[in-house]
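If you want the building blocks of each chain, they are given just below.
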Amino acid sequence: MDISTEKYNNLKHYVIKQATRYGFSVQDCDDILHDALLKALESDKSVDLYKIIWKTIGKYRERRHREGTRQVSYDDNKERE
């Protein structure tokens, strides 16, 4: 897979535009794009990059939700019974 700098920048801006809607930071967007491009490189056949990007965004959302439900808030100032 050969990708030009212009195409890479377009993909990067696309990921930032779409993923920030779900509360991801710009650093998260870079990670999403990186993971999507690695998945595309590992694939033997021609793939739709936008489809892989959306699958990667979905996986990041699922992971964030899963990790968020594990955390228990702790308040030192809460009165104990």
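Keep in mind that what you see is a predicted model, and the values were worked out from it rather than measured.

**Student:** Lay out the side chain of glutamine 18 in plain terms, naming residues and giving numbers.
**Tutor:** Considering the arrangement of structural elements, one finds glutamine 18 in helix 1 (residues 5-19). The exposure class of glutamine 18 is buried, given its relative accessible area of 9%. When neighbours within four sequence positions are excluded, glutamine 18 is seen to be in contact with Trp54 and Ile57.

**Student:** Quick one: what's the story with a nonpolar patch on the surface, residue by residue and with numbers?
**Tutor:** Side chains of Met1, Leu38 and Leu41 sit close together on the surface and give an oily, nonpolar patch of about 300 Å² of accessible area. Mapped onto the secondary structure, methionine 1 falls in the segment before helix 1. Relative accessible area serves as the criterion here: at 55%, methionine 1 is assigned to the exposed category.

**Student:** Tell me about the nonpolar core, and please be specific about residues and values.
**Tutor:** If you look at the biggest cluster of nonpolar residues, it comprises 15 residues, and the most contacted ones within it are Val15, Ala19, Ile32 and Ile53. Counting residues per element, the ones that place at least two in this core are helix 1, helix 2 (26-42) and helix 3 (49-70). Sort the elements by how many residues they give to this core and helix 2 lands first, with 6 residues.

**Student:** Lay out the packing of helix 1 against helix 2 with the relevant residues and their values.
**Tutor:** At a minimum axis distance of 9 Å, the contact between helix 1 and helix 2 shows a crossing angle of 125°. Taken as axis vectors, helix 1 and helix 2 run oblique relative to one another. For the pair helix 1 and helix 2, the sense of crossing is right-handed. Each of Tyr8, Leu11, Lys12, Val15, Ile16 and Ala19 in helix 1 lies in contact with helix 2, whose residues at this interface are Val26, Cys29, Asp30, Ile32, Leu33 and Leu37. Tallied by class, residues from the contact of helix 1 with helix 2 come to 10 nonpolar, no polar and 2 charged.

Conventions we followed
- Residues numbered from 1 in each chain as written.
- Predicted model: local features only at pLDDT ≥ 70, side-chain atom pairs only at ≥ 80, totals over all residues.
- Heavy atoms only, no water.
- Helix = DSSP H or I, 4+ residues; strand = E, 2+ residues; numbered from the N terminus.
- Buried < 20%, exposed > 50% of the residue type's maximum accessible area, 1.4 Å probe, protein only.
- Contact = heavy atoms within 4.5 Å.
- Patch = residues over 30% accessible without salt bridge, like charges linked within 9 Å, V, L, I, M, F, W, Y side chains within 5 Å.
- Areas by Shrake-Rupley, 256 points an atom, 1.4 Å probe, with all protein chains shown as cover.
- Salt bridge = Lys/Arg side-chain N within 4 Å of Asp/Glu carboxyl O.
- Core = buried A, V, L, I, M, F, W, Y, C linked by side-chain atoms within 4.5 Å.
- Axes fitted to C-alpha atoms, helices over the stretch in contact; angles between N-to-C directions.
- Parallel < 35°, antiparallel > 145°, perpendicular 65-115°, else oblique.
- Left-handed = near helix turned anticlockwise from the far one by under 90°.
- Nonpolar A, V, L, I, M, F, W, Y, C, P; charged D, E, K, R; others polar.

None of the figures reported here should be taken as evidence of function without further support.
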